[in-house]
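What follows is the residue order along each chain.
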Amino acid sequence: MPTKALTKSALLLQIAQETDTDRKTAAFFLEVITDIALREVKKNGEFTFPGIGKLVKQKRKARIGRNPKTGEKIKIAAKTVVKFRVSKSVKDLVLGGK
């Protein structure tokens, strides 16, 4: 049976317990880290979470796609997306190293 996903409330509670602070302080730190990450990605195109991975802003070219319902060809416009690249050490830890 799969376990439940860690909610924001549960994450804040865990941060508060492990750092010996209250939930309000934990929420403040999480908000500050999130704001810094988003600001850096917007400004510089990437933000590294040390030991975890990095958020990267990436441009996608325009392309021709297909409507799965009708089979009709459609134009998909160019756009910018944000991706998260997981570090090798995290992949090895979670998936088991080779």
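Shown above is the structure to which this text applies.
### Quick word on the pairing of strand E2 (residues 53-60)
Here is step 1 of the chain: Pairing analysis gives four bridges linking strand E1 (residues 46-49) to E2, with the strands arranged antiparallel. What sits directly across from Thr48, in E2, is Lys54.
Here is step 2 of the chain: Between E1 and E2, which pair antiparallel in sequence order, lie three residues; one of them, Gly51, sits at a positive phi of approximately 80 degrees.
Here is step 3 of the chain: Pairing of E2 with strand E5 (residues 79-86), which is carried by eight bridges, proceeds in the antiparallel orientation. Opposite Lys54, over in E5, you have Arg85 as the bridge partner.

What counts and what doesn't
- Residues numbered from 1 in each chain as written.
- Predicted model: local features only at pLDDT ≥ 70, side-chain atom pairs only at ≥ 80, totals over all residues.
- Heavy atoms only, no water.
- Pairing = 2+ DSSP bridges.
- Helix = DSSP H or I, 4+ residues; strand = E, 2+ residues; numbered from the N terminus.

Treat this as a map of the structure, not an account of what it does.
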